Amino acid sequence: MTSANPTAAGRYPAGSAAFPHRDLTGLAGLAPWEILFLLDEAEQWVELNRLPHKRVDRLAGLTIINAFFENSTRTLLSFEIAGKRLGADVVNMHAAQSSVKKGETLIDTAMTLNAMRADAIVIRHASSGAVQLIADKVDCPVLNAGDGQHEHPTQGLLDALTIRRAKGDFGKLTVTICGDILHSRVARSNIHCLTTLGADVRVCAPPALMPAGIEAMKVTPFHDFDAALDGADVVMMLRLQQERMSGQFIPSPREYRHLYGLTLERLAKAKPDALIMHPGPMNRGVEIDSTVADLAGRSAITTQVEMGVAIRMACLDVLTRKGRGVEGWS
Amino acid sequence: MSTAAPITLINGRLVLPTGEPQSGALRCAEGRIAALGDIAPLDGDTVIDAKGKLIAPGLVDLGVFAIDKPAFHFGGITRAALMPDQGVVLDKRSAVRFSAQSGKPDLWVHPLAAATKDLAGTELAELALMRDAGAKAVSTGRRWIGDSGVMHRLLSYCAMLGLVVVTHAEDAGLTGSAVATAGEMATRLGLPSAPAEAEALAVARDIALAELTGARLHFRQVTTAAALGLVRAAKARGVAVTAGVTPAHALLSDVAVGDFRTFTRLSPPLRAERDRQAVLAALGDGTIDVISSGHDPRGPEDKRLPFADAEPGMAGAETLLPLTLGLVRDGVIDTARAFALLAGNPAALLGVNAGVLAVGAEADIAVIDPDKPWIVDSDKMAAAAGNTPFDKQGVQGRALVLLKGGTVIA
């Protein structure tokens, strides 16, 4: 099933040159064809995942460790399902954040996982750069499942796959990302991914939640949500953490909704067929109204979850090819 | 050291307070500089041939966090002013007296008294008692004093005692838990960041209070264009304010943080390139008075961590001299000003009779080859830890001989 997508021919080099990286720690710096290669690879898994029998043996015998140093339900589950559907032995390590926060423990934990001869390690950690730190110490491929406020590359990829399947060519698209841009690794990975693929990206947040120098990432910043929505093809809402809208950054949830909540009325500013996205979990009635989140034919929120499994399967497959001795991936 | 035999350094180039280095010799007797210039050794002197290299004052490092003799001696440092942020905070005379002795016999340690009890920024420490126990100045430590009332009282009290107040200039409310300067790099990396203006806010308040009280105020590090502008203007008005910096903020911008390298996690954090350029300009025009190492050796327990979880600080003692001499080679400053920044000015701030080549000054002398090339290597440093942001960089300049109080110590 490798390179099953006939349209893929000629878009990227053959063999490992299509994705010449041991790890996936971020989408920053990836070439457009490297991203497209992963998206194309994921298509076959979208198809498989829709069949009654969803398991292949491509990664049979391999051990994948999901090391999550930060709480997660959906991302952990998605990676676990992805590994299992590829036939790998998947082990979840849910390290309590408190016991591993300080000292050498993080490196020690990484060395321990390495000594157990994992074939791939998936890591989530609350500190930006922590995944790179671990990747530098281990001998197997490392996948970043979210590091602090830095990157969440598989989320960026699954969002791109969702958009591509609904909208086609990125070069003609305007994507509006609205919410807590400052603290969001999802926003950063999406910005890297979508700008690399040629989309026009707008980011929208109140000043306190807009990071300095964001223009340098080739996006257009907005504070006025209505203006940011004008003519958008895709509207991606980000989750706002409760503690940040209770006086710290925003006076109250209802004030946030007043300025930045995606209501049906606001949605009308975007293109009539604009795609509605949210990485979840949602604060319904705050950043997004239920009527919008559940809008049939427009909301891609559950599709995003579906694409997540396929993207993670593609990433696990591609990154373990060298270790499995796949031809052309030495 | 007064029992040391007289030593005459010959065939050197003397680094005098002004002008280019001049060929000559320097004689030390009874711990002090007895003569210098076109002189010859006297009978019985130990003679050291400087072989055409620089004869300069030993470096006076204002604001180090650890007593790390091998690193100081490597770097030509004969005096180190110790920050009060120690395991036992230097907020009592016993701690001050102990640390003032801790460098003997081959390093001067000048303790900086903690401005407030436990450096908490709320209650004044026993500053007069600590002064009389050997504290050479007062310091707010790693942090700024957030309470303007406390800072006002501190400055007025220190004005009376004749003690310089060495302060850290970052508005704590604005910096919060930031580990980087707000801007493109922090945004790309997703690091908690604060606007560079946090420094100017702190500097503006403290200058106003120094002007009000007549206190002598020294900003240990000024790293932004805005804050340097405030210092420049205050000096022009005649305010008794001085400013320091480390080579890191003159030579590195926040681009160096790029791969989450914790050796570049500093306090204050590395700044934007335009601020770095402003530091160079301020070194050139006299706005900055002191270059210090900020020496703060940190092992893997503190540094081999995710960037935001790592402790700030760098091992800077070994690189202070060569990096400053690099500024001379680059035409930013001349040799005389380099040693004013490294020795003369900090000695004057601390009120010690050293830091210049002058008859009667304490004979803390470094013979320096300003051109000798070497490579900074974090694995092979003399310091207690190798956390240098200049790892693997080529530099020029080494201390060859070091005298403290007229005695050869390295």
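Scroll up for the structure.
Visitor: Help me understand the interface of chain A and chain B in this model?
Guide: Reports often express the size of an interface as the amount of accessible area lost when the parts come together. Taken together, the contact between chain A and chain B spans 23 residues of the former and 16 residues of the latter. For the pair chain A and chain B, the two sides together bury roughly 1,600 Å², of which 57% comes from carbon and sulfur. Where chain A packs against chain B, one counts 0 salt bridges. On inspection of chain A and its partner chain B, the count reaches 5 residue pairs in polar contact (both at pLDDT 80 or more). At the level of elements, α3 (105-115), α4 (130-135) and α6 (185-196) of chain A are the ones that each hand at least two residues to the side of chain A that touches chain B.

Visitor: Hey, could you run me through the sheet that holds strand β15 (residues 290-291) of chain B in this one?
Guide: Strand pairs in the sheet, formed through backbone hydrogen bonds, run parallel or antiparallel to each other. Spatially, the 8 strands line up as an open sheet ordered β6-β7-β8-β9-β10-β13-β14-β15 (chain B), and their pairing is parallel. Because the sheet does not close on itself, it has two edges, and the strands there are β6 (59-64) and β15 of chain B.

Visitor: Teacher, can you tell me more about the pattern of salt bridges here?
Guide: Should their charged atoms come close, side chains of opposite charge can pair. Here the structure, examined in full by the defined rule, presents 40 salt bridges over all chains. Note that Asp289 of chain B and Lys235 of chain B form a salt bridge whose closest N and O atoms lie 2.7 Å from each other. Here the residue Asp289 of chain B occupies a position in the loop between α10 (273-285) and β15, and Lys235 of chain B occupies one in helix α8 (residues 225-237), the gap between them amounting to 54 residues. Between Asp391 of chain B and Lys392 of chain B there is a salt bridge; the shortest N-O distance is 3.2 Å. Taken together, the shared-partner salt bridges connect Arg11, Asp40, Glu43, Arg164 and Arg165 of chain A into one network.

Visitor: Before we go on, may I ask you to explain the packing of aromatic side chains in this structure?
Guide: Aromatic ring pairs are described here by two measures, namely the spacing of the ring centres and the angle between the planes. Applying the stated criterion across every chain, the model contains 5 aromatic pairs over all chains. Relative to Tyr260 of chain A, the ring of Tyr256 of chain A lies with its centre 5.5 Å away and its plane at 35 degrees, an arrangement referred to as tilted. Of this pair, Tyr256 of chain A and Tyr260 of chain A are both found in helix α8 (residues 253-260), 4 residues apart, which corresponds to roughly one turn of the helix. The two residues Tyr256 of chain A and Tyr260 of chain A agree in class, both being buried. Aromatic rings pair up to connect Tyr12, Phe37 and Trp329 of chain A into one cluster. The positively charged end of Arg142 of chain B is found above the aromatic ring belonging to Phe65 of chain B, 4.0 Å away from the centroid.

Conventions we followed
- Residues numbered from 1 in each chain as written.
- Chains lettered and ligands numbered in written order.
- Predicted model: local features only at pLDDT ≥ 70, side-chain atom pairs only at ≥ 80, totals over all residues.
- Heavy atoms only, no water.
- Contact = heavy atoms within 4.5 Å.
- Buried area = accessible area lost by both parts, 1.4 Å probe.
- Salt bridge = Lys/Arg side-chain N within 4 Å of Asp/Glu carboxyl O.
- Polar contact = N/O pair within 3.5 Å; in protein donor to acceptor, adjacent residues only side chain to side chain.
- Helix = DSSP H or I, 4+ residues; strand = E, 2+ residues; numbered from the N terminus.
- Pairing = 2+ DSSP bridges.
- Phe/Tyr/Trp six-rings, centres within 6.5 Å; stacked < 30°, edge-to-face > 60°.
- Buried < 20%, exposed > 50% of the residue type's maximum accessible area, 1.4 Å probe, protein only.
- Lys NZ or Arg CZ within 6 Å of the ring centre and 35° of its normal.

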